[in-house]
Amino acid sequence: MLVAAAVCPCPPLLVPEVAVGAVPELDATRAACTDALGVLAAARPDRLVVVGPLGGAGPETYPEGTRGSFRSFGVDLDVRLGSAEGAQGEARLPYSLAVAAWLLGRTGWSDAPVEGLGVGESLTTERCAETGRDIAARAERVALLVMGDASACRTLKAPGYLDERAAPFDADVARALGAADLAALTALDAGLAHELKASGRAPWQVLAGAAEGADLGGSLLYEDAPYGVGYLVATWS
C-alpha cells in the first residue's frame, strides 16, 4: 500500500554543477525537494519507487544501482539510483531519474531499497493508473518519489513559448497535488499536457493510481515558474 509520496520537478538545472551561474535561482526549489524527501523518510517505507518521464513509450524499469550521468549537459558528474551497489549493466537512467538519484544522494537516502520506473508521454491515463496500482501492491509500505514538470509555456522565453492555457493548467495541477485529489489528476487531458510540454502528466497519473484506497492527505510545498516552466513540489502522507 502507498504510505507516502513526494512530487518534485526534474530539470537538470536542479543539479548545481549543471546550473553553474544560475545555482541560486533554484535554491528554494532544492530546499522544498529536500523537505519532501524528509516526508518519505518519516513514513518508514519498505520500498521506494521513483517514477519519472521517459523519452520512449515505457514503462521501463531501472533496478537499484542503475547509473545515470549529466555528461550530455557538459558536466562530468555520474549518479546511481539508491545504493552504490546493485545493477552493473548498460542501462542508463533517463534524465528525470538521474535528477531523482542526485536528490536522493544529496539527502543521504538509506531508508529503503529503491527502484526506478520511466513512463512515456504517450502512456494512456488508464495504463498509468494500472501501473500505479501495481506499484502500490509491491510491498506493505510503499513510497513514491514522483518526478515531472508542469507546463513549459508560461512566458515568451519559455521552451514552448507563451501559451495562455499554461497558467490555468498548472494551477489545476497545483490544486490537485496540494489536495491529493485523485480524480482531478486522473482527469488531466493528456493531449493538452503534450501541447503544453508538461512532462509530469503520466507520472502524476501513476501516483493517482497508486494512491487509490490509501486515504492520503496532500500539501503543496512549492509552486513557481522560473524560466517559464512550472515547477511544483508536494507531499502526500
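Reference entry: report on the structure contained in this document.

So, on to the environment of V49. Looking at the element boundaries, V49 is found in strand 2 (residues 47–54). Between the alpha carbons of V49 and C128 there is a distance of 14 Å; along the sequence they are 79 residues apart. Leaving out residues up to four positions away in the same chain, V49 has contacts with E115, I135, R138, V142, A143, L144 and L145.

If you trace the 7 strands from one edge of the open sheet to the other, you get 3-6-2-7-1-9-8, paired in mixed fashion. What marks the edges here is a single partner per strand, and that holds for strand 3 (60–62) and strand 8 (218–224). Within this sheet the neighbouring strands show an average axis-to-axis angle of 20°, counted without direction. As paired strands, strand 8 and strand 9 (residues 231–236) are joined by 6 bridges and run antiparallel to one another. Bridge pairing in strand 9 places E223 opposite L232. Against the sheet, helix 5 (residues 166–179) touches strand 1 (2–8), strand 8 and strand 9, its axis set at about 150° to strand 8.

On to the pattern of salt bridges. Counted under the stated rule, the structure contains 10 salt bridges. We note a salt bridge from D76 to R71, for which the minimum N-O separation is 2.6 Å. A residue is classified by how much of its surface remains accessible, and D76, at 64% relative accessible area, is exposed. Classification of R71 by relative accessible area gives partly exposed; the value is 48%. Within this structure, R47, E115 and R138 form a network of salt bridges that share partners.

Reading the values: rules and limits
Residues numbered from 1 in each chain as written. Predicted model: local features only at pLDDT ≥ 70, side-chain atom pairs only at ≥ 80, totals over all residues. Heavy atoms only, no water. Helix = DSSP H or I, 4+ residues; strand = E, 2+ residues; numbered from the N terminus. Contact = heavy atoms within 4.5 Å. Pairing = 2+ DSSP bridges. Axes fitted to C-alpha atoms, helices over the stretch in contact; angles between N-to-C directions. Salt bridge = Lys/Arg side-chain N within 4 Å of Asp/Glu carboxyl O. Buried < 20%, exposed > 50% of the residue type's maximum accessible area, 1.4 Å probe, protein only.

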